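# Observations on the model geometry
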Amino acid sequence: MTVWDDLVGQEKVSELLDAAARDADALVTAAAADAPPPEASKMTHAWLFTGPPGAGRNQAARAFAAALQCVSPDRALGGTPGCGFCDGCHTTLVGTHADVSTVAAVGAEILVKDMRDTVRKSFTAPANGRWQVILVEDAERLNEKSANAVLKAVEEPAPRTVWLLCAPSIEDVLPTIRSRCRHLTLRTPPVDAVADMLVRREGIEPDVAAAVARATQGHVDRARRLATDPAARERRASVLKLPLRLDEVGHCLKAAQQLVDAAAEDAKQLAEEMDGKETEELKAALGAAQGGRLPRGTAGVMKDLEDMQKRRRTRTQRDSLDVALGDLTGFYRDVLALQFGSRVAMANTDAEEAMERVAQASSPESTLRRIEAVAACREALDRNVAPLLAVEAMTMALRAG
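Summarised in this report is the structure supplied together with it. (Residues numbered from 1 in each chain as written. Predicted model: local features only at pLDDT ≥ 70, side-chain atom pairs only at ≥ 80, totals over all residues. Heavy atoms only, no water.)

## A word on the overall build of the protein
Under the convention used in this document: Helix and strand definitions here come from DSSP, where helices need a minimum of 4 consecutive H or I residues and strands a minimum of 2 consecutive E residues; each element is numbered from the N-terminal end. We compute the radius of gyration over the C-alpha atoms and compare it with the globule rule, which gives 2.2 Å times the number of residues raised to the power 0.38. Exposure categories follow from relative accessible area, calculated using a 1.4 Å probe and restricted to protein chains: below 20% of the type maximum is buried, above 50% is exposed, and the middle band is partly exposed. Here a residue-residue contact requires only that any non-hydrogen atoms of the pair lie within 4.5 Å. The charge count includes Lys and Arg as positive and Asp and Glu as negative, but it does not include His or the ends of the chains. Where a charge lies is defined by one atom per residue type, namely NZ (Lys), CZ (Arg), CG (Asp) and CD (Glu).
Looking only at helices and strands, one finds 15 helices and 5 strands in the protein. In summary, the protein has a C-alpha radius of gyration of 24 Å against a globular reference of 21 Å for 401 residues, a match within 12%. Looking at the 401 residues of the protein, the share that counts as buried comes to 45%. Long-range contacts, defined here as pairs at least 24 residues apart, represent 72% of the contacts in the protein between residues at least 6 apart. A gap of 3 Å separates the mean positions of the 51 positive and 58 negative side-chain charges of the protein.

## So, the state of the cysteines
Covalently bonding the sulfur atom of one cysteine to the sulfur atom of another cysteine gives a disulfide. Going by this rule: Two cysteine sulfur atoms form a disulfide, by the criterion used here, when they sit within 2.5 Å.
This structure, assessed with the given rule, holds 0 disulfides. Here Cys-70 is not disulfide-linked; the sulfur of Cys-89 is the nearest cysteine sulfur, at 3.8 Å.

## Side note on the packing of aromatic side chains
Working definition: an aromatic ring pair is given by the centre-to-centre distance plus the angle between the planes. In plain terms, the rule: Aromatic pairing here means that ring centres of Phe, Tyr or Trp (its six-membered ring) are within 6.5 Å. Orientation follows from the plane angle: under 30 degrees is stacked, over 60 is edge-to-face, and everything else is tilted. By definition here, charges over rings are those cases where NZ of Lys or CZ of Arg is within 6 Å of the ring centre and within 35 degrees of the ring normal.
Evaluation of the coordinates by the stated rule reveals 2 aromatic pairs. Between the aromatic rings of Trp-47 and Phe-64, the centroid separation amounts to 5.1 Å while the plane-to-plane angle is 70°, which identifies the pairing as edge-to-face. Placement of the pair is Trp-47 in strand E1 (residues 46–50) and Phe-64 in helix H2 (residues 57–69), with a sequence separation of 17 residues. Pairing Phe-331 with Tyr-332 gives two aromatic rings, centres 5.4 Å apart and planes at 90°, and the pair type is edge-to-face. Tyr-332 shares its class with Phe-331; the two are buried. Here Arg-182 stacks its cationic end above the ring of Trp-47, 5.3 Å away from the centre of that ring.

## Description of H2
Our working rule: Here the expected length of a helix is defined as 1.5 Å per residue gap, with one fewer gap than residues.
Compared with an ideal rise of 1.5 Å per residue, which puts 13 residues at 18 Å, H2 spans 19 Å between its outermost C-alpha atoms and is within 8% of the ideal. The element H2 is largely enclosed, with a buried count of 11 among its 13 residues. Listing the buried residues of H2 in full gives Arg-57, Ala-60, Ala-61, Arg-62, Ala-63, Phe-64, Ala-65, Ala-66, Ala-67, Leu-68 and Gln-69.

## Focus: helix H5 (residues 144–155)
Spelled out, the test is: Whenever a nitrogen or oxygen atom comes within 3.5 Å of another N or O atom, the pair is scored as a polar contact, on the condition that within protein one atom can donate a hydrogen and the other can accept it, and that pairs from neighbouring residues in sequence are kept only if both atoms are in side chains.
An ideal rise of 1.5 Å per residue puts 16 Å on 12 residues; H5 measures up with 16 Å between its terminal C-alpha atoms. If you check which residues of H5 are buried, you get Ser-146, Ala-147, Ala-149, Val-150, Leu-151, Ala-153 and Val-154. The elements touched by buried residues of H5 are E1, helix H4 (112–122), strand E4 (161–167) and helix H6 (175–178). The backbone nitrogen of Lys-145 lies 3.2 Å from a side-chain oxygen of the residue at the head of H5, namely Asn-143.

## Notes on the pattern of salt bridges
Should the charged atoms of two oppositely charged side chains come close, the side chains can pair. Selection criterion: Each salt bridge in this description consists of a side-chain nitrogen of Lys or Arg and a carboxyl oxygen of Asp or Glu lying within 4 Å of one another.
Throughout the structure, instances matching the rule amount to 17 salt bridges. For the salt bridge of Glu-11 with Arg-187, the shortest nitrogen-to-oxygen distance reads 3.8 Å. Of this pair, Glu-11 sits in helix H1 (residues 11–32) while Arg-187 is found in the loop between strand E5 (182–185) and helix H7 (191–202), placing the two residues 176 residues apart along the sequence. Taking the relative accessible area as the measure of exposure, Glu-11 reaches 49% and is therefore partly exposed.

## Focus on the packing of H4 against H5
What counts is decided by this rule: Each axis is a line fitted through C-alpha atoms, and for a helix only the stretch in contact is used; angles between axes span 0 to 180 degrees, taken between their N-to-C directions. Roughly parallel refers to an angle under 35 degrees, roughly antiparallel to one over 145, roughly perpendicular to one between 65 and 115, and oblique to any angle outside these ranges.
The geometry of H4 relative to H5 is characterised by a closest axis approach of 9 Å and an angle of 5° between their N-to-C directions. Relative to H5, the element H4 is oriented roughly parallel. Here Val-112, Met-115, Val-119 and Ser-122 of H4 lie close against H5, whose contacting residues are Lys-145, Ser-146, Ala-149, Val-150 and Ala-153.

## What to know about the sheet that holds E5
To be explicit about the condition: For two strands to count as paired, DSSP must find a minimum of two bridges between them.
Taken together, 5 strands build an open sheet; the order of strands is E2-E3-E4-E1-E5 and the sheet is parallel. A strand with exactly one partner marks an edge of an open sheet, and here the two such strands are strand E2 (100–103) and E5. Pairs of neighbouring strands in the sheet enclose a mean axial angle of 15°, with direction left out of account. Examined bridge by bridge, E1 and E4 share 5 bridges and lie parallel to one another. Looking at the pairing, Thr-50 lines up with Ala-167 of E4.

## Description of the pairing of E4
Let me state the cut-off plainly: For the handedness criterion, the strands are oriented away from the viewer, and a crossover whose path from the first strand over the helix to the second runs clockwise is classed as right-handed.
For E4, the tally of buried residues reaches 7 of 7 residues, placing the bulk of the element in the interior. Taking every second residue as pointing to the same face, both faces of E4 are buried, with Thr-161, Trp-163, Leu-165 and Ala-167 on one and Val-162, Leu-164 and Cys-166 on the other. Note on the crossover from strand E3 (residues 132–136) through H5 to E4: the handedness is right-handed.

## Observations regarding the pairing of E1
Burial runs high along E1: 5 of the 5 residues are buried. Burial along E1 is two-sided: the face carrying Ala-46, Leu-48 and Thr-50 and the face carrying Trp-47 and Phe-49 are both buried. Two elements, E1 and E5, share 4 bridges in a ladder whose sense is parallel. Across the sheet, residue Thr-50 finds its bridge partner in E5, namely Thr-185.

## Remarks on the side chain of Arg-236
By secondary structure assignment, the location of Arg-236 is in helix H10 (residues 230–241). Residue Arg-236 is classed as buried on the basis of its relative accessible area, which comes to 7%. If near-sequence neighbours (up to four positions away) are discounted, Arg-236 is found in contact with Ala-215, Leu-226, Asp-327, Ala-347, Asn-348 and Asp-350.

Shown next, in the form of structure tokens:
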């Protein structure tokens, strides 16, 4: 299994990255032999991966990073970089490679303090890998200062440093940064390809795989979670019942509260899994004995970790809410299809009875207004409106139709 197997439905992108990894290999070999670099190389120092949510931008970037760090002995015999099994590939894919730095937004933005050490590291030679790779998973969340820090590093990179930036669209990145990057666009994977991946890689039953792939409309990560997490399926089923519970104002407010509480609980569960481990690892690194007190002068470091974890919980809650709002959008889109007499590519076949009831009780115009209300709620959350206020406004608008 090569690293490119993680890219679902992205054959053209895989081919381009594979060719670039081969040329990168040739560059390293030429440098080691003090020979001139090969001409017309497909390798460059900065890449920008764009595509819709679920297309696999981060997976593509990490697979490319693994191919760049691949140390498989088969490469000397003409094998493709990115075997997926060697130490270089494995540590890159699991996030422990010393020469692969990953930056992701903890809160609403990537702050300059989060980028400072990474930018400094980008100017150093690789410690034990073949390349120094900097992977920025949420490049659209770079604020002005952190974006300027990245720009300076991308303008004059070290000879063996590669920047991999991921964003939803090319417009989400500063023109001065994107003009220095090679751009790759990923597409939404076909539903059939996602279902096939779930069967082969996760051992999911074919009918379940097809259902969750269709429900998530090709979003790979969400399809995997729906297929493997019963709690996620229960939350989605509850969201799809929400349009039937908005007959009174009190019910609208109650439904909004339940939606926000479910997102908060989901964020809490994810935080509990990560926060405890991070806290214990930091305490051990600071020299605290098991269950003992921290050394003097380390309280500020622990406070920084707690602040970061708090920002991450807030973002996780908003991300969980956004997933629910996406499910609502899909529900009303299917309702609109029913109202126009079309049953092609229905995403929520498991909620067909509820969709029929809503379709019969409303008009296409009111369905469109409801879709706009959900979109307005998502936009309000992006502007940091209090989640409960934004969702209450949405449920009231859904009731009005």
